[in-house]
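Chain and residue survey
What follows is the residue order along each chain.
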Amino acid sequence: MRQTSSSSARAVAALASVVALLAGCAHAPLAQAGPASAPAGPEAASASAILPAPLSVTPAAGAFTVRDGTVLVVPTGDAGARATADYLKDLLARTRGLDLTVREGRAPGAGAIVLRRSAQGAREGYDLAISPKGVEISAADDAGLFYGAVSLWELLTQTEGRADAVTLQAASIHDAPRFAWRGLMLDSARHYQSPEFVKRFIDTMALHKLNTLHWHLVDDQAWRLEIKRYPKLTEVGAWRVPAGQGPANDIDPATGRPRLYGGFYTEDQVREIVAYAAARHVTIVPEIEMPGHATAPITAYPALGVDGKAPTTGMSDWGVYPNLYNVDDATFAFLEDVLSEVIDLFPGEYVHVGGDEAVKDQWKASPRVQAQMKALGISDEHALQSWFVQRVGKYLDAHGKRLIGWDEILEGGVAPNATIMSWRGIDGAITAAKAGHDAVLAPAPTLYFDNRQSDSGDEPPGRGNLIDLKTVYDFDPAPAALTPDQQGHILGLQANLWTEHVRTEDRAAYMFFPRAAAVAELGWSGADKRDWNGFLDRLVPQMGRYEALGINAADAAWEVRFTDAFDRTAGRTKVSLANQVGRGEIRYTLDGSEPTEASALYAGPLDLALGARVRAATFEDGRQLSRPVEKTFDALSVRRRQDDELKTCSAKLVLSLDDDGPVTGPREPLVIDIIEPCWKWEGADLSDIKAISAAVSSLPFNFQIGKDRDAIRFRPPATPEGELEVRLDSCEGERIAVLPLKPATANAGVTELPSAPITPRAGRHDLCITYTAKSVDPLWAIGWIQLVPATR
Ligand code: ACM
């Protein structure tokens, strides 16, 4: 369906690795003239190698070669140093093929990598000294030693491929973090990730010096954490039938019913993950949502809900459900039981209790809740939520934990000692810090990584805001509205990945990386270190490290995008190539072959006859940074617009959603404003056009959006299934084409509709594309719109 296609850059990297192996040396950049020789380098121990940027790097004279057999020395009996040395040895073996030897004891005079304790130093800080005599990492705490080792790994992996020796230029590096909370949030409720993925994710976090994993384990759609005292939380609450035709037709032979989607983490698995994280200096903050986002536990134990009945809403919608916990003592007893197991499992300082988006309608409508409010002398439902959170806060306090919640917990009075996670912009953090509360910055949309990082058609589904790498990097974690004292209450920042539209682990990794590298730099490096181009310099080798680690990082920043200007009279098209960051060399081919470093260098628009096939990729420093994209420009494709090449008529709730195709296997992400499904093709050349065709997909309307749903309006359909309508010049303009949707109703994927003839018209016009319907469900999304020429 899609005109651009991707193939893995992995093959290219693998080839480079083989070249390095054959040469028996560190892989020299392909761009470098002459054959690689062993050992390559010296690889400058420059600030450009380390991401996040360190406090200071002072180059010195000479060099040191780390090679197979180089000894990593740790003080005898120092378990923290030993763990870091073992980790570094394993990491270098995995990602570089270097085989170091770990030894406890006294440092030799020269030739080794030595881990040493310093009497004092900043928390998590370290010094890394490289001289011709060897390498020394010193730090006051375990985390500092670990981060020093991570920086050394980065210096040793500036170039790609495997090596048995890497030479480092002498330098001394002094480093320490700016913020204590450098976090990412993983939503495992909306979609489940395996324990193996969670561990790999934690490992990758640690390699960015990110130290806090906020684990969103509970939501309307699932309860993912085993709680021994309440087995139904996971027996019932961890499983759902996903919405849509595909899942409804996917019958599980074992039950004869639609296959359930889900999973949960056993307490043993959690203990293992927590220990794994601790070994990498990552603290896990578990989130147990309350009083809203509670459909899953109320489905498991209906007595927890306001009316004591199982919710009729199901668990497979997105959005904000109406279901709240009731405020009975028995419900607090349940929550305390749950929290006591959570406290046992997660040794960190904080427990996150959610508190967001608790729509108060059920509390308002419940005589029982209202009676309790009266008895407590509580004036409104915000104050009731505040009372609820404070009651839980007292329990956590009594058990040595600190409460953190989303910024709604400020409403109606904030619990003493509560820490605020600011998501509705940064206002919550400002209010909190001014009131003397600690706060973490996690504002939507900038640090919401479910927003897409590119508007390319290849981009996986997500929310519709464009949050590209630079937007993240430009975020300022020091709100100007705060005095320096108040700024001290800003613990740091974190980016959140909500996974409603992130079905797979590979996609989760794609959404996180490399944007998480920008978060790492904002959280670690001093404000004076902010340097967008320098960051991109540091990111180029980081892309190679992702490759070596097997992380499906996004190439969105470097992906080549095509823009074509078709000249009907000449029968030719001018094709421009660009990437998001405007860096690197774009190389292309016209013969269908893979673009390589030796392919033609793009220098300006390509003037092409119809039929031309362009394949292109971005290269920098001898690395291929983007998967090749391909497009053939022919008489049809120059007159076709994919969904991502159309504009939505509004931006009320724009999402990129998977088509409703097979449950497993590839599906097409489609951009749609679910409140106003309407698309515009601006300046479509209708000269010589005899018909319009389109491809569409029905999507389930599985969104809890409250009263907004009633405001969605469609024109009435002429046929039971409705029609796609194309109007001229505006959405109120003349209707020039009507395409009945019926042929697509039985198909769960993207379906091409029969074309509709149009009266030929001269010149360029805006086209408005909408559909008629009796109800919001199903939604219809557009795959593409095609103008069919009378002559080709
Ligand atoms: C949130 O995005 N509801 C915290």
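Our subject is the structure listed above.
Bear in mind the structure is a predicted one, so any value in this text is a computation, not a measurement. (Residues numbered from 1 in each chain as written. Predicted model: local features only at pLDDT ≥ 70, side-chain atom pairs only at ≥ 80, totals over all residues. Heavy atoms only, no water.)

Attention now moves to the sheet that holds strand β5 (residues 126-131). Spatially, seven strands are ordered β1-β7-β5-β6-β4-β2-β3 in an open sheet, and the strand pairing comes out mixed. Where the open sheet ends on each side, the last strands, each with one partner, are β1 (56-67) and β3 (101-104). Strand-to-strand twist in this sheet, taken as the mean axis angle between neighbours without regard to direction, amounts to 25°. One ladder, built from four bridges, connects strand β2 (residues 71-74) with β3; its direction is parallel. Bridged to V74 within β3 is E104. (Pairing = 2+ DSSP bridges. Helix = DSSP H or I, 4+ residues; strand = E, 2+ residues; numbered from the N terminus. Axes fitted to C-alpha atoms, helices over the stretch in contact; angles between N-to-C directions.)

Here the focus is unusual backbone geometry. Here the amide bond leading from A444 into P445 is cis, since omega sits at 0°, within 30 degrees of zero. Note the cis peptide between D777 and P778, where omega equals 5°. Of note in this structure, D621 is not a glycine but carries a positive phi near 50°. Examined against the element boundaries, D621 turns out to sit in the loop between β30 (612-620) and β31 (623-624). Of the residues examined, D621 reaches a relative accessible area of 53% and is grouped as exposed. Notably, D729 is not glycine yet its phi reads approximately 70°, a positive angle. (Buried < 20%, exposed > 50% of the residue type's maximum accessible area, 1.4 Å probe, protein only.)

The tendency in soluble globular proteins is for nonpolar side chains to be buried as a group. Core analysis: the largest hydrophobic core is formed by 154 residues, its most contacted members being W215, W223, L225, Y325, F346 and F535. The biggest single contributor to this core is helix α3 (residues 142-155), with nine residues. If near-sequence neighbours (up to four positions away) are discounted, F535 is found in contact with L51, L469, Y473, A517, A518 and E521. In terms of nonpolar packing, the next biggest core, distinct from the first, is built from 46 residues, L657, L728, A773 and I782 among them. (Core = buried A, V, L, I, M, F, W, Y, C linked by side-chain atoms within 4.5 Å. Contact = heavy atoms within 4.5 Å.)

Examined against the element boundaries, L657 turns out to sit in strand β35 (residues 654-658). Here L657 falls in the buried class, since its relative accessible area comes to 8%. The residues touching L657, leaving out its near neighbours within four places in the chain, are P461, H501, E668, P669, L670, I672, I674, L699 and F703.

Before going further, it helps to spend a moment on the packing of aromatic side chains. Summed over the entire model, instances satisfying the criterion amount to 30 aromatic pairs. Ring centres 6.1 Å apart and planes at 5° place the aromatic pair F197 and F201 in the stacked group. You can see F197 and its partner F201 sitting in helix α4 (residues 195-206), four residues apart, about one turn around the helix. We classify F197 as buried; its relative accessible area is 5%. Ring geometry for F449 and F512: centres 6.5 Å apart, planes at 70°, overall edge-to-face. Of the two residues, F449 sits in the loop between β21 (439-441) and β22 (451-452) while F512 sits in helix α16 (residues 505-512), which places them 63 residues apart along the sequence. Neither F449 nor F512 differs from the other in exposure class; each is buried. (Phe/Tyr/Trp six-rings, centres within 6.5 Å; stacked < 30°, edge-to-face > 60°.)

Another point: the pairing of β2. Every second residue of β2 is oriented toward a common face, with V71 and V73 on one face and L72 and V74 on the other, all of them buried. In the classification by handedness, the crossover that spans β2, the intervening helix α2 (residues 79-95) and the parallel β3 is right-handed. (Right-handed = clockwise from strand over helix to strand, strands pointing away.)

Moving on, we come to the pairing of strand β23 (residues 462-466). Of the strand pairs in this sheet, β22 and β23 are connected by two bridges, and their pairing is parallel. Directly across from N451, in β23, lies its bridge partner R463. The pairing of β23 with β35 spans two bridges and is antiparallel. Residue pairing in the sheet places G462 in a bridge with S656 of β35.

Interaxial distance between helix α9 (residues 329-345) and helix α12 (residues 381-398) falls to 11 Å at its minimum, and their mutual angle equals 40°. When the axis of α9 is compared with that of α12, the two are oblique. Considering the relative orientation of α9 and α12, their crossing is right-handed. Taken together, the residues of α12 that come into contact with α9 (itself represented by D329, F332, L335, E336, L339, S340 and I343) are W387, F388, R391, V392, Y395 and L396. Across the contact of α9 with α12, the residue classes tally to nine nonpolar, one polar and three charged. (Parallel < 35°, antiparallel > 145°, perpendicular 65-115°, else oblique. Left-handed = near helix turned anticlockwise from the far one by under 90°. Nonpolar A, V, L, I, M, F, W, Y, C, P; charged D, E, K, R; others polar.)

It is worth spelling out the state of the cysteines at this point. Under the definition given, this model contains two disulfides. Here C649 pairs with C678 through a disulfide, and the sulfurs are 2.1 Å apart. Judged by the torsion about the S-S bond (-65°), the C649/C678 disulfide is left-handed. Here C649 is found in the loop between β34 (647-648) and β35, whereas its partner C678 is found in the loop between β36 (669-673) and β37 (679-685), with 29 residues between them in sequence. Bridging C731 to C768, the disulfide has an S-S length of 2.1 Å. Disulfide C731-C768: torsion about the S-S bond near 95°, hence right-handed. Remark: C768 occurs in strand β43 (residues 764-771) and C731 occurs in the loop between β40 (723-728) and β41 (735-740); sequence separation between them is 37 residues. For the pair C731 and C768, one class covers both residues: buried. Here the disulfide map of the protein reads 1-2, 3-4, the bonded cysteines being numbered as they appear in the sequence. (Disulfide = S-S within 2.5 Å.)

On their own, these measurements won't tell you what the molecule is for.
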